[in-house]
Structures are given as structure tokens and as C-alpha cells.
Amino acid sequence: SVQQFSELHQLFSQLNKLINEKTVFNTQLVKHYLLYIVFQILEILNGQFSNKVNSISLEFLSLAESEFRANRTVSDLAKRMNIPIKKLNTEVKKGLGKRPLQLLHDLLAIEIKRLMLVENLSQKEISYLLNFDSQASYTRFVNKYFNLSPSQLKQSLSS
């Protein structure tokens, strides 16, 4: 809002003055003032985020994060949440800006990267751990999502 912008502008102006002053405790004052500004920004963002995100979106995200390895179909998650798929799609898109399937794919892609980097697993092991039907379906997913083969993705993450 205009008021929030004005308040932040004033805070940054005061921070700028502090940075230019040379006092004994200048560094400490700047650090604390900067932290205060960051928390003010987080408060603003939190208010905007909480107004936009609905309870269905949050429930879906929580369920998806806990079950994406074993359960990656939107229809199964909708059944678990006891709501129609169409309503789930609408509410999640409205609340989080993406369709449920996109969010599931994002979670899966992040987990693939994590397993490649942190666990240093083979492609076959990753495919098995993430419950892909076959090595070929795992390879197709990686190719489609990243536009790279699994080995190219692993190499790009290593460098």
C-alpha cells in the first residue's frame, strides 16, 4: 500500500543517514536497523500472503509434501482431503498460483536434485526411491521438467 511504502521509504532514509554517520556504535546500529527493516518487510509480506492463501491450499501443500514420494496423483490427494478435484484445482490455483499437479512436480524435481546432490545416489536408486513405474518414466520426467537427461542434470548440479 502507499502507507506501507511511505513507512519503508522513511526507514530506508534513516538507515542511509546511519550508514553515512561515523560514530562509535555505527556498525551495530546499522545492523540492528537493517534487521528491523527486514522484519517490517516480512510482516507486510506475511499479511499479503495470509490473505491470499486459503485453507484448502495449505492443507493440500502439507499433504503433498508429506506424501509426494508415494502418492503423486491429484485425484488421490483430493480424495484424502474429501473435496472434488475441480474445487481442489481452483482453490490451489487461486491460493498458490499453480495447479496441484505443477506443485507435485515441483516437489518431485526438488527431491530429485536433493537426492543427486546430497545422497549421491544412482539414477536407478532415485527412480526406485521416488516410486517411478520404471527407469524410463523417471528419465521422461527429468527430460520434460529440466530439459536435460538425468546424467546431464547430475553433471550440471556437480559443477
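Residues numbered from 1 in each chain as written. Predicted model: local features only at pLDDT ≥ 70, side-chain atom pairs only at ≥ 80, totals over all residues. Heavy atoms only, no water.

A.B. asks: Even after reading the chapter, I still don't get the pattern of salt bridges, so can you show me in this structure?
C.D. replies: Two side chains of opposite charge can pair, provided their charged atoms sit close to one another. Tallied over the entire structure, the rule returns 5 salt bridges. Salt-bridge contacts for Arg-69 lead to Glu-111; the nearest nitrogen and oxygen are separated by 2.2 Å. Here Glu-111 lies in helix α6 (residues 100-119) and Arg-69 lies in the loop between α3 (55-67) and α4 (74-81), a separation of 42 residues in the sequence. A salt bridge links Lys-98 to Asp-106; the nearest nitrogen and oxygen atoms lie 2.5 Å apart. (Salt bridge = Lys/Arg side-chain N within 4 Å of Asp/Glu carboxyl O. Helix = DSSP H or I, 4+ residues; strand = E, 2+ residues; numbered from the N terminus.)

A.B. asks: Is there a simple way to explain a nonpolar patch on the surface in this structure?
C.D. replies: On the surface, a nonpolar cluster with roughly 540 Å² of combined accessible area is contributed by Leu-34, Leu-35, Val-38, Phe-39, Leu-42 and Leu-45. Considering the arrangement of structural elements, one finds Leu-42 in helix α2 (residues 26-52). (Patch = residues over 30% accessible without salt bridge, like charges linked within 9 Å, V, L, I, M, F, W, Y side chains within 5 Å. Areas by Shrake-Rupley, 256 points an atom, 1.4 Å probe, with all protein chains shown as cover.)

A.B. asks: Whenever I open this one, the side chain of Glu-91 confuses me. Can you help?
C.D. replies: In this fold, Glu-91 is placed in helix α5 (residues 85-96). Among the residues examined, Glu-91 registers a relative accessible area of 16% and is labelled buried. Those residues in contact with Glu-91 that lie beyond four places of it in its chain are Asn-54, Ile-56 and Ser-57. (Buried < 20%, exposed > 50% of the residue type's maximum accessible area, 1.4 Å probe, protein only. Contact = heavy atoms within 4.5 Å.)

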